Each structure stands twice: as C-alpha cells, then as structure tokens.
Amino acid sequence: MSLSEEILIDGLKFKFYVIANGEVYGVVDPLIERRDNRVEIRSTALSFFRRTISGNFHAIFDINEKGELSWRINVNGLEKVYGIRFTISNLPVGKVILPLPGGYQAVLQPDETIFASTEHILSYYPGVKPAIWTAPFLVLEYENRSLYIGCKECSPRPKRVWVLRKGDYLMLSLCSLENAFKMSSSYISPTWFMKEISSWKEAVEDYRTFVENELGVVPFEKRKDVPDWAKKISLYVVAYLHNYTPFINFTFDEFKNKLIELAEKFPAEHTLVYIAGWDGRPDMTYPRYEPSEELGGKEKFKEMIDQAHKLGFKIMLHFNLFSICYNMPEWSMFKDHQIRDIEGRLLGWDADHNTDGINDNLMGYIALDYEPWRRLLLEKISYIVKTYNIDAIHLDQSAVEFNDPRHDTYLGKKLLIEELKKRFPNLLIEGEGINILTLSLTPFVHTWIHDPNAIHPIYKELFNRYVKHVGHMDMPTFGFERNFWIIQKAYDELEVIPSLPLNIPYPSMVGGIAPEEYAKYDLESDKARHIFEKARKYLQTLQQK
C-alpha cells in the first residue's frame, strides 16, 4: 500500500497527507465525486505504511468561471491533527519566484529543492537552506504563462513550501499547520488557490489588496505610527559599541566624537543612527538594558545622546523582543515560559561569541503573551526611552513566528508593540525583517537578503508601499571588498534607505577570528563616498515629492 494515492484534478496530479498523532498519513481508498465545477474527495481511512487508522478526510476543489482552481481540506476524528500537506507533482519546469527576504527567483537544477516557512524552523532537511516565507504565495513562470499559487488567511497559522525539480517537472509541496496551542482532533485548512495571471506583478497587486482590505494595512505615508521626522530620513547608520567578542568598537565618548565626524559628511537631521551593544556585549546581557559601565556608564551615555540630538541626529537603540540570557537573574523567573516548537522542543539562540569554534549557549526565547514578562520588558524599554529621550527602538527578531503548544506568541508580540505605541506615540519602532503579519507593527525594518545573486522585485513591490527598509545590522562592512558591493547593489535594487555600516559584530563572518580589522572604516574612502552620494540623491528625491 502506498502512503497516499495520486489523484488527477484539472490536469494536475495531487497527493494528500495528514500530519497527525506525531506521524504523516496518506489517504486510503478515496471516494471521488465530480460534478459541474466541483470535485470532492472523501476518505474514512488513513495509512502510515502498513498501519491504517480511522479518520475523516474531506477535500473540496472548485473551478470558477475563469478557470481558477481553489481548494480546502477538512480532517477530523483523529487524536491530534497538526495540519495538512499536499503535493502537485507534474508542474512544468520554469522560473520559481518567491517572496523571500529580498525576493527570490531561480530556475531549479535537477534534484534541487527550495524550502521556505512562515515560522521559525528548528531543523530542516540536510542540504536545503531554510528561508523565511514572508507571504504564503509563489509564482511559476514558464513558456508564456504565469501561475499564481497560494492562500490568504488573516490568522497567523504557519505555512511551508517545498519546490523540487524532478527531471523535466517541478513538484510543489505545500503545508499548512494548526496553531499548536489550538491543536485538536480536527483541522480545517485555509483555502488554497491556483490561477493563471499575466505576470508576477498581478500576483503582488492581488495580495496587496488582501493585505489592505483584510489585514487593515495602510500605505507608509498614511501610517499613524510614523513620526514626521522619520519620513525624511535619508541615511541609516549602523554602529555596534560593544562587539560580540570582548573587543569594544567605541566607548560613549569615542562615539560622541564619531557623530561629529558623521555630521560633517551628511545632514544629521536626515540621519537615523542605530546603536547596538550600548548595554553590553550583544546577546549576553538581555534583559538588563542599562548603559554599559565599560563604555562609560549612565552619565557618559546621556552625554552621547544629548550630543547626538544637539547635532540633529535621531537615535535608535537595539532591544531584543523575546530573549533572556541564561546567565541573567531574570532567567529563573521566566524559564517556565520558554518558547517551544510544535514538537515541544525549547527554543533559543546560540553562537560562537568567544571565537573558540564552539557555539555558546546564550539565551532562551520567552513568550510575550505571558503578562509578567511582557510587563517587565515594557517597563525596561519605557524607562530607557523616557530617561534618555530616545527617538526610536529596534526590536530584534520581530518577524520570527513561533508555533508554541502553550503560548500565542504572535499575540504577545502584537500586545507589546501596541502598548509601546500607546505610551510613546512619537516613538519609531523598527523590526528585524518583515512578514504580512508584522506589516502593521513596525514601519521601519532591517532587510536581510536570502540570496543577493537571485533577488527579485516581488519583495520590494509587495512591501515597500507600507514600510521603509534599511540595511540589516549584519550587512558587510568596509572591511569586506566583494560582499560589500554585492549587498549595496542589491539594496539599490530593493530601494533600501542608504545604509552605512560602521562595524560588524559576528566573528563567524570574518572567518572565526576577532573582527578588529573589520571594525575599521574611513569616511573618506570610496565605499563611504558611495553611500553618502546615494543618501544625497535619496534626500533630493524626497524633497522633490
């Protein structure tokens, strides 16, 4: 007996799988009913190789007057249903276009696989690099045709996609999961669709209509959470004061002087300065969030911020949205609410910060729907913003979605940001990355790129109407010759606000050695002049509007 039977629908070969009870089951002896423009598939048995169990499977396929195919699947009668996965195995080889970070396009080679997910993935198939699926749809272009495939769902339920090339055909595998804290004996999938379109631009227009009408997202110019000054920002500066290693890039006094140097190169009133490592070595002191004594302490920190404001700069400080470091006293208070994946595995972050070649166990993620933790983080951020008159904050890992069996992690994130906006209406809130669910939460976003050699404007066209993109905190700095120019070119294509990286934090990015040499920069260099010139042109364009 095969795991699942192949069913022909509108010329396409489908297989269906039910993820339940910790296993993947195929549909046994399906009853197929075809009438007019509807196909219904029913089964009361599911198989896992030689094992067969009872369970009700019901799929409904509809074809409308335009020939567009849509389907939804209902499963019940099982112990615990995780979700549904299905494959379409006979799609022609062509260009695959996905809304991954930066956009992605590729003609797959034989046996090559693309995998993307809307959620945080703890593990994945060997040899397949995971990607963030920023919106659950894709476009396939082949010959003179374009196919638009996806789903539209307002609730934050996880989606996954695999695209595999098998010889002269593509196999598309799509999976939708239940929110783990709502899992039960039944599951109703979102409505998936497939239709022919004129080009990928039509898909973007269609999805933007959904985003605006159903999710209530408004264009950037109409957002109420964007201060007037933020609409005039034309240069974004990334600076780490503490490095991830013991190396210190700048003390507060040293960076105060660097700001004077920066102000001579570009108008400070149009510059937003992102500062990380102001509170200690990044990823190693959360949630203390106090000015580092090694850098000069509270008084020198205030002097630096005051000097920045006197020059005209706007200052953004780095905070992490979920994390408590294992060495901090707060860990024992909140560890019982550490975020887990759908299988119950604890989630956190590790990296090699001391360059010994072994990853350090750094911090665990805590669910923000647990009110005491959300309240503590809210008060920590509020104190810093109010005490030092901070203009903007960065909430790291904001676009990451988790599927926790005990917590609604998206709700907690949403509540924290809404509470911050209520307390500080003029505070700019920035996120790391974007997805359709966080579009309305963070009007500025750090932009990383899945593959700078395969970027596609689908990402820009989908998101740039609603948010402003800036360079990612870990973009290649002046010390990188080839990668610096590759990323800057990609940022130009994506219309990212010109971004100047002063230093890089990760030892792994410089071959596992201390990155002192890569922290050096010269504002008179060709790299610096290139970015300042881009910023001047960007500002000129803003002033002409």
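Conventions and cut-offs
- Each chain has its residues counted from 1, following the order in which its sequence is written.
- In keeping with the predicted nature of the model, local features appear solely for residues at pLDDT of at least 70, side-chain atom pairs appear and are counted solely at 80 or more, and the whole-chain, interface and lining totals rest on all residues.
- Based on all heavy atoms of the structure, the side-chain values leave hydrogens and waters out of the count.
- Note on conventions: DSSP H or I runs of at least 4 residues are helices, E runs of at least 2 residues are strands, and numbering of each starts at the N terminus.
- Within these notes, the globule rule equals 2.2 Å times the number of residues to the 0.38 power, and the radius of gyration is based on C-alpha atoms.
- Note on exposure labels: buried denotes an accessible area under 20% of the residue type's maximum, exposed denotes more than 50%, and partly exposed covers the range between, all computed with a 1.4 Å probe on protein chains only.
- Contacts between residues were defined by any pair of non-hydrogen atoms, one from each residue, lying within 4.5 Å.
- For two strands to be treated as a pair, DSSP must find no fewer than two bridges joining them.
- Helix axes are fitted to C-alpha atoms over the stretch in contact, other axes to C-alpha atoms as well, and angles between N-to-C directions run from 0 to 180 degrees.
- Helix span is expected to be 1.5 Å times the residue number reduced by one.
- Arc definition: directions from the helix axis to the C-beta atoms.
- Within 6.5 Å between ring centres, the rings of Phe, Tyr and Trp (the latter by its six-membered ring) count as paired, and their orientation is classed by plane angle as stacked under 30 degrees, edge-to-face over 60, tilted in between.
- Any Lys NZ or Arg CZ that is within 6 Å of a ring centre and within 35 degrees of that ring's normal is treated as a charge sitting over the ring.
- A pair is scored as a salt bridge if a Lys or Arg side-chain nitrogen falls within 4 Å of a carboxyl oxygen belonging to Asp or Glu.

(A) Main features of the overall build of the chain. Assigned secondary structure in the chain consists of ten helices and 29 strands. A compact globule built from 545 residues would reach a C-alpha radius of gyration of about 24 Å, and the chain, at 25 Å, matches this within 12%. Structurally, the chain occupies a C-alpha span of about 75 × 55 × 45 Å along its principal axes. Counting only residues that meet the buried cut, the chain has 58% of its 545 residues in that class. Here the contacts in the chain between residues at least 6 apart in sequence split such that 72% fall between residues at least 24 apart.

(B) Examining the environment of Asp-336 more closely. Relative to the helices and strands, Asp-336 resides in the loop between helix H4 (330–334) and strand S23 (348–351). The class for Asp-336 is exposed, based on a relative accessible area of 55%. Spatially, the C-alpha atoms of Asp-336 and Asn-56 are 36 Å apart, while their sequence positions differ by 280 residues.

(C) Up close: the sheet that holds strand S24 (residues 360–365). The sheet built from three strands is open, its strands ordered S22-S24-S23 with antiparallel pairing. On the outer flanks of this sheet lie strand S22 (323–325) and S23, each paired with one strand and no other. Each neighbouring strand pair of the sheet contributes to a mean axis angle of 30 degrees, computed without reference to strand direction. Direction of pairing for S22 relative to S24: antiparallel, over a ladder of three bridges. Across the sheet, the residue bridging to Ile-324 is Gly-364, located in S24.

(D) The arrangement of helix H8 (residues 482–494) in detail. Given a rise of 1.5 Å per residue, 13 residues ought to cover 18 Å, and the 19 Å separating the end C-alpha atoms of H8 matches this to within 8%. Here H8 has its buried residues at Phe-484, Ile-487, Gln-488, Ala-490, Tyr-491 and Leu-494. Each buried residue of H8 sits inside an arc of 160 degrees when the element is viewed along its axis, so together they form one side. For H8, the exposed residues lying more than 90 degrees away from the buried face are Arg-482 and Lys-489. Against the buried residues of H8 lie strand S27 (444–447), helix H7 (458–463), strand S28 (468–471), strand S29 (499–501) and helix H10 (526–544).

(E) Local environment of helix H3 (residues 297–311). For H3, which comprises 15 residues, the first-to-last C-alpha distance of 21 Å matches the rise-based estimate of 21 Å (1.5 Å per residue) to within 8%. Looking at the buried positions of H3, the neighbouring elements they touch are helix H2 (252–263), strand S20 (271–276), strand S21 (314–320) and helix H5 (371–388). Trailing H3 by a residue or two, Gly-312 shows a phi angle of about 115 degrees, which is positive.

(F) Broad picture of the sheet that holds S27. Here we have eight strands laid out as an open sheet, ordered S28-S27-S26-S25-S21-S20-S19-S29, and parallel in their pairing. In this open sheet, the two edge strands, each paired with only one partner strand, are S28 and S29. With strand direction ignored, the average angle separating the axes of adjacent strands in the sheet is 25 degrees. As paired strands, strand S19 (residues 235–240) and S29 are joined by three bridges and run parallel to one another. Within the sheet, the bridge partner assigned to Tyr-236 lies in S29 and is Ser-499.

(G) Main features of the pairing of strand S4 (residues 31–35). In this sheet, strand S5 (residues 38–48) lies alongside S4 in antiparallel orientation, the contact comprising five bridges. Directly across from Arg-35, in S5, lies its bridge partner Arg-38. Counting the residues between successive antiparallel strands, the hairpin from S4 to S5 contains two residues, one of them, Asp-36, with a positive phi of roughly 50 degrees.

(H) Fine view of the packing of aromatic side chains. Tallied over the full model, the rule gives 36 aromatic pairs. An aromatic cluster is built from Phe-14, Phe-16, Phe-57, Phe-61, Trp-71, Phe-86 and Trp-192, whose rings are joined through pairwise contacts. A cation over an aromatic ring shows up here: Arg-85 above the ring of Trp-162, its NZ or CZ 3.6 Å from the ring centre. The positively charged end of Lys-152 is found above the aromatic ring belonging to Phe-193, 5.3 Å away from the centroid.

(I) View of the pairing of strand S10 (residues 104–107). Burial of S10 is one-sided: the residues Tyr-104 and Ala-106 facing one way are buried, the residues Gln-105 and Val-107 facing the other way are not. Inspection of the sheet shows strand S9 (residues 95–98) paired to S10 by four bridges, in the antiparallel sense. Paired with Leu-98 across the two strands is Tyr-104, which belongs to S10. Adjacent in sequence and paired antiparallel, S9 and S10 are bridged by five residues, among which Gly-102 carries a positive phi angle near 85 degrees.

(J) Layout of the pattern of salt bridges. Applying the stated criterion to the full structure yields 34 salt bridges. Residue Glu-40 is joined to Arg-35 by a salt bridge in which the shortest nitrogen-to-oxygen separation is 3.1 Å. Exposure remark for Glu-40: the relative accessible area of 6% places this residue in the buried category. Given the relative accessible area of 37%, Arg-35 is considered partly exposed. A salt bridge links Lys-256 to Glu-303; the shortest N-O distance between them is 3.6 Å. One end of the pair, Lys-256, is in helix H2; the other, Glu-303, is in helix H3, with 47 residues separating them in the sequence. By relative accessible area, which is 33% here, Glu-303 ends up partly exposed.

From the geometry alone we can't say anything about function, so treat these as descriptive.
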